[in-house]
Amino acid sequence: MSFERTRKLKCAQSQFCHEHGIGTVVRSRTGRTRGKLFAVVGFVMKGTKEFVLVCDGSNRPLSRPKLKSADHLETVCGGNSKADVTSDKELRELIEKYR
């Protein structure tokens with residue numbers, strides 16, 4: 001099996017679950033932020049494509065969320081990852097649990 005086919009199969013198996021809402025911890029699968037953990041702080045629709053606003057509390061504070069395609073995220077499954085996050089400190093503590 002070719003590398004490209006293996007990568008596509010792997011990506012198809014670990015998609016971002018749209019049922020999870022704000023406060024869900026996700027991992028970036030592509031781009032400069034590949035492998036980094038973020039928390040979902042919002043959703044945006046642009047045309048037919050869904051984007052997610054994500055923050056990590058340090059490089060991306062709540063005041064400056066990153067716009068990331070939902071296709072490029074995977075949900076980190078580790079119990080109940082939903083949380084009510086109101087500050088960057090709480091956000092960092094939430095993400096630290098899943099490192």
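Residues numbered from 1 in each chain as written. Predicted model: local features only at pLDDT ≥ 70, side-chain atom pairs only at ≥ 80, totals over all residues. Heavy atoms only, no water.

Peer 1: Would you mind showing me how to read the confidence of the model for the chain here?
Peer 2: If pLDDT is low for a region, its predicted coordinates should not be looked at in detail. Per-chain confidence: the chain averages 79 in pLDDT, with 73% of residues scoring 70 or above. Per-element confidence in the chain ranges from a low mean pLDDT of 47 for helix H1 (residues 3-13) to a high of 92 for strand S4 (residues 66-69). Within the model, the stretch residues 5-14 combines pLDDT values under 50 with six contacts to residues more than four positions away or in other chains. (pLDDT = per-residue confidence, 0-100. Helix = DSSP H or I, 4+ residues; strand = E, 2+ residues; numbered from the N terminus. Contact = heavy atoms within 4.5 Å.)

Peer 1: Please explain the environment of Asp 84 as it appears in this structure.
Peer 2: As for its placement among the helices and strands, Asp 84 is situated in the loop between strand S5 (73-75) and helix H2 (88-96). In this structure Asp 84 comes out as exposed when scored by relative accessible area, which is 70%. A C-alpha to C-alpha distance of 6.2 Å links Asp 84 and Gly 23, two positions 61 residues apart in sequence. (Buried < 20%, exposed > 50% of the residue type's maximum accessible area, 1.4 Å probe, protein only.)

Peer 1: Explanation requested: the pattern of salt bridges in the structure shown.
Peer 2: Pairing between side chains of opposite charge can happen when their charged atoms approach one another. Following the criterion strictly, the structure yields two salt bridges and no others. The shortest N-O distance in the salt bridge between Lys 49 and Asp 71 comes to 3.7 Å. In this pair, Lys 49 is assigned in strand S3 (residues 49-55) and Asp 71 in the loop between S4 and S5, connecting sequence segments 22 residues apart. For Lys 49, a relative accessible area of 36% gives the class partly exposed. The closest approach of N and O atoms between Glu 96 and Arg 99, which form a salt bridge, is 3.5 Å. (Salt bridge = Lys/Arg side-chain N within 4 Å of Asp/Glu carboxyl O.)

Peer 1: Sorry, what's going on with the sheet that holds strand S2 (residues 37-46) here?
Peer 2: Sheet strands associate in pairs through backbone hydrogen bonding, adopting either a parallel or an antiparallel arrangement. The strand order across the open sheet formed by five strands is S4-S3-S2-S1-S5, and the pairing between neighbours is antiparallel. In the strand order of this sheet, the two ends are held by S4 and S5, each with one partner. Put simply, the sheet's adjacent strands are angled 50° from each other on average, direction ignored. Sheet analysis places S2 next to S3, joined by seven bridges and oriented antiparallel. Bridge pairing in S3 places Val 44 opposite Phe 51. (Pairing = 2+ DSSP bridges. Axes fitted to C-alpha atoms, helices over the stretch in contact; angles between N-to-C directions.)

Peer 1: Any chance you could explain the nonpolar core here in plain terms?
Peer 2: It is characteristic of soluble globular proteins that their nonpolar side chains tend to be buried jointly. Residues Val 25, Leu 37, Ala 39, Cys 55, Val 76, Leu 91, Leu 94, Ile 95 and Tyr 98 constitute the largest nonpolar core, which totals nine residues. Elements with a contribution of two residues or more to this core: S2 and H2. Counting residues per element, this core draws most heavily on H2, at three residues. Formed by seven residues, the second largest nonpolar core is a distinct cluster that contains Val 26, Phe 38, Ala 70 and Leu 73. (Core = buried A, V, L, I, M, F, W, Y, C linked by side-chain atoms within 4.5 Å.)

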